[in-house]
Amino acid sequence: MTIKNRLTGVYQQEAGLSKDKLYLSEGAFWVSFFLAWLCLALPGLRYLSFTIPFLMLVCGLGDRGVHINSMGKAFLWYLAFGLALWPLDNAEGKKDLVLATSGVSIALLARMPEIKLWTIFNWFLVGFLIYFGLGGAFSPSVIKNVRVDILNSYSTFESNYAFVFCLLLPFAAHQRRWGLFLLTLVMSVLTLKRIALLGGLLCSGLVFMRRDHVKFLLSPPLMVLGNLLVLALTMFYSTGHLEHFIHDLTGLSGNALGQGRESLQRLPSMAIIADPEMYLLWGKGAGRAYDIAAISSGMFNKVSLHSDPLKIIYEYGLLAFCIFFWLLYQTDNHLERIGMAYLNMLLITDNVLTYYFILFFIAVTVRTQSNVQAPEPAVRVQPSLRGGYA
């Protein structure tokens, strides 16, 4: 039967689907979307988003099924391994599992309503205006001194909004919505996070490559190998082996270039190098990276590693690391694969495994935009020699 989506106005074909079930899924989706949006717009209300997994559980029981894509598979494995190591997990590690569940559970929703890319952008833009407006960032004294410095990773409006604005770039490029692409690019630079901007632009470039080339480059074996190489580079960097190279190239120390990451990541890297057999099948347990990062940086509070690959292998081990990245790319959908590449870029230098609001919007954008077809190029009609049109 054909049922009209009350919130988006789109008619959807749902064979044998009752209106009550469709409305339940729609309602749960939009409530979850709003709660995740509040995490960015009004961070003080962010803990409300912890209700999202319970909404998804109700929908899963009502639908008698779930949707599992590559992102869902990878994070289900991540959560399962965390639960398996429960006796080794500390309190912060158990909290990490809750945060990841809050972000990714939306990916399991059996039926997700259609939503336009412009709609997602507008939600982000309104949230951006509320967040900075309440902070007084749009006062004349601030506006006239707005500054963006990409090389030094500084912007007056630097915020987590960069992660979600940059996410939209490859999908806008795929749909040939160049006005939206330019607006999103402006907002991405304005809310500057260098790794997010780099990831968004690189993934936009992948959109225009041949699909078989992208499928090969982003295949599970190559991406597991690629992430292992990135991990090795991170460990070389954090143990000081690239110090002279970085100084000669940039004039900065490795720690200054990485904004303190070298000191944060030194001890966990040295621990893995000193006893690699320990980390083959399992690691120290969820949350243990915070402890060693705090010791490594000389701090006494909770400190994040700012490298999720290093966090995974230190807490869960090499086996979990390889399976996680294998499952992340185990899909035949071209745009879903590119969306996971964007997520992978963020994982390299940030703590995205616990940024539940970012995981939520990546899951939603990938699910709702991966099957949107690019517009067909206009066919120019050539006039015939007889004065008509061919």
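Residues numbered from 1 in each chain as written. Predicted model: local features only at pLDDT ≥ 70, side-chain atom pairs only at ≥ 80, totals over all residues. Heavy atoms only, no water.

## Some points on the state of the cysteines
Link 1 in the chain: In total, this model carries 0 disulfides according to the counting rule given.
Link 2 in the chain: Free cysteine Cys-59: the closest other cysteine sulfur is in Cys-39, separated by 18 Å.
Link 3 in the chain: Its relative accessible area of 1% is what places Cys-59 among the buried residues.
Link 4 in the chain: Here Cys-166 stays free of any disulfide, with the sulfur of Cys-203 as its closest cysteine sulfur at 10 Å.
Link 5 in the chain: Residue classification places Cys-166 among the buried positions, given a relative accessible area of 0%. (Disulfide = S-S within 2.5 Å. Buried < 20%, exposed > 50% of the residue type's maximum accessible area, 1.4 Å probe, protein only.)

## So, the packing of aromatic side chains
Link 1 in the chain: Within the structure shown, the criterion is met by 39 aromatic pairs.
Link 2 in the chain: Measuring from ring centre to ring centre gives 6.4 Å for Phe-33 and Phe-360, while their planes differ by 65 degrees; the resulting arrangement is edge-to-face. Note that Phe-33 is positioned in helix α1 (residues 19-41) and Phe-360 in helix α19 (residues 356-369), a separation of 327 residues in sequence.
Link 3 in the chain: Here Phe-360 falls in the buried class, since its relative accessible area comes to 1%.
Link 4 in the chain: Seen in terms of ring centroids, Tyr-47 and Phe-50 are 5.6 Å apart; in terms of plane orientation they differ by 70 degrees. Their pairing is edge-to-face.
Link 5 in the chain: Among the residues examined, Phe-50 registers a relative accessible area of 22% and is labelled partly exposed.
Link 6 in the chain: Positioned over the ring face of Tyr-290 is Lys-311, at 4.4 Å from the centre of the ring. (Phe/Tyr/Trp six-rings, centres within 6.5 Å; stacked < 30°, edge-to-face > 60°. Helix = DSSP H or I, 4+ residues; strand = E, 2+ residues; numbered from the N terminus. Lys NZ or Arg CZ within 6 Å of the ring centre and 35° of its normal.)

## Examining the packing of helix α5 (residues 117-134) against α19
Link 1 in the chain: Across the interface, α5 lies against α19 with an axial gap of 11 Å and an inter-helix angle of 160 degrees. As far as their axial angle goes, α19 and α5 are roughly antiparallel. Both α5 and α19 take part in a crossing whose hand is right-handed. Where α5 abuts α19, its residues Leu-117, Ile-120 and Phe-124 lie against Phe-361, Thr-365, Thr-368 and Gln-369. (Axes fitted to C-alpha atoms, helices over the stretch in contact; angles between N-to-C directions. Parallel < 35°, antiparallel > 145°, perpendicular 65-115°, else oblique. Left-handed = near helix turned anticlockwise from the far one by under 90°. Contact = heavy atoms within 4.5 Å.)

## Examining the confidence of the model for the chain
Do not read the predicted coordinates in detail wherever pLDDT is low.
Link 1 in the chain: Residues with a pLDDT of 70 or more make up 90% of the chain, whose mean pLDDT is 86.
Link 2 in the chain: This model gives residues 1-17 a pLDDT under 50, and the stretch forms 37 contacts once residues within four places in sequence are excluded. (pLDDT = per-residue confidence, 0-100.)

## Remarks on the layout of surface pockets
Link 1 in the chain: Here the largest pocket is characterised by a volume of approximately 930 Å³.
Link 2 in the chain: Along its surface, the largest pocket is lined by 27 residues, and Ile-195, Leu-257, Gly-258, Arg-261 and Thr-349 are the ones closest to its centre.
Link 3 in the chain: Secondary-structure elements contributing two or more residues to the lining of the largest pocket are α9 (194-207), α11 (220-238), α12 (243-250), α14 (261-274) and α18 (334-349).
Link 4 in the chain: With 4 residues, α11 is the single largest residue contributor to the lining of the largest pocket.
Link 5 in the chain: Taken together, the residues of the lining of the largest pocket break down into 14 nonpolar, 8 polar and 5 charged. (1 Å grid on protein atoms, 1.4 Å probe; cavity = no way out; pocket = protein on both sides within 12 Å on 5 of 7 lines; lining within 4 Å. Points joined across faces, edges and corners; volume = space filled by probe spheres on them. Nonpolar A, V, L, I, M, F, W, Y, C, P; charged D, E, K, R; others polar.)

## Some points on empty space enclosed by the protein
Using a probe with the size of a water molecule, rolled over the atoms, empty space left in the structure can be pinpointed.
Link 1 in the chain: Taken as a whole and assessed by the stated rule, the structure comprises 1 cavity of 30 Å³ or more.
Link 2 in the chain: What the largest cavity holds in volume is close to 60 Å³.
Link 3 in the chain: Ala-289, Tyr-290, Ser-304, Leu-305, His-306, Asp-308, Lys-311, Asn-351, Leu-353 and Thr-354 are the residues that line the largest cavity.
Link 4 in the chain: Where the lining of the largest cavity is concerned, the elements lending two or more residues are α15 (288-297) and α16 (308-315).
Link 5 in the chain: Grouping the constituent residues of the lining of the largest cavity by class yields 4 nonpolar, 4 polar and 2 charged.

## So, the side chain of Ser-49
Link 1 in the chain: Mapped onto the fold, Ser-49 is located in the loop between α1 and α2 (52-63).
Link 2 in the chain: Residue Ser-49 is classed as buried on the basis of its relative accessible area, which comes to 2%.
Link 3 in the chain: If sequence neighbours within four positions are ignored, Ser-49 has contacts with Leu-35, Cys-39, Ser-102 and Tyr-356.

## Quick notes on the nonpolar core
Link 1 in the chain: Counting 109 residues, the largest nonpolar core has Phe-324, Leu-343, Phe-361 and Ile-362 as its most contacted members.
Link 2 in the chain: Not counting chain neighbours up to four residues away, the residues in contact with Phe-361 comprise Phe-33, Ala-36, Trp-37, Leu-40, Phe-124, Val-164 and Leu-167. (Core = buried A, V, L, I, M, F, W, Y, C linked by side-chain atoms within 4.5 Å.)

## Here's the deal with a nonpolar patch on the surface
Link 1 in the chain: A cluster of nonpolar side chains, namely Leu-129, Phe-138, Ile-143, Val-146, Val-148 and Ile-150, defines an oily patch on the protein surface of about 450 Å² accessible area.
Link 2 in the chain: Relative to the helices and strands, Leu-129 resides in helix α5.
Link 3 in the chain: You can call Leu-129 partly exposed: its relative accessible area is 43%. (Patch = residues over 30% accessible without salt bridge, like charges linked within 9 Å, V, L, I, M, F, W, Y side chains within 5 Å. Areas by Shrake-Rupley, 256 points an atom, 1.4 Å probe, with all protein chains shown as cover. Salt bridge = Lys/Arg side-chain N within 4 Å of Asp/Glu carboxyl O.)

## Quick look at the pattern of salt bridges
Link 1 in the chain: If you walk through the whole model with that rule in mind, you get 7 salt bridges.
Link 2 in the chain: Where Asp-96 meets Lys-311, a salt bridge forms, and the shortest distance between an N and an O atom there is 2.9 Å. Here the residue Asp-96 occupies a position in helix α4 (residues 91-104), and Lys-311 occupies one in helix α16, the gap between them amounting to 215 residues.
Link 3 in the chain: Residue Lys-311 pairs with Glu-315 through a salt bridge whose shortest N-O separation is 3.1 Å. Taken together, the residues Lys-311 and Glu-315, both in helix α16 and 4 residues apart, mark about one turn of the helix. There is no split in this pair, since Lys-311 and Glu-315 are both buried.
Link 4 in the chain: Taken together, the shared-partner salt bridges connect Asp-96, Lys-311 and Glu-315 into one network.

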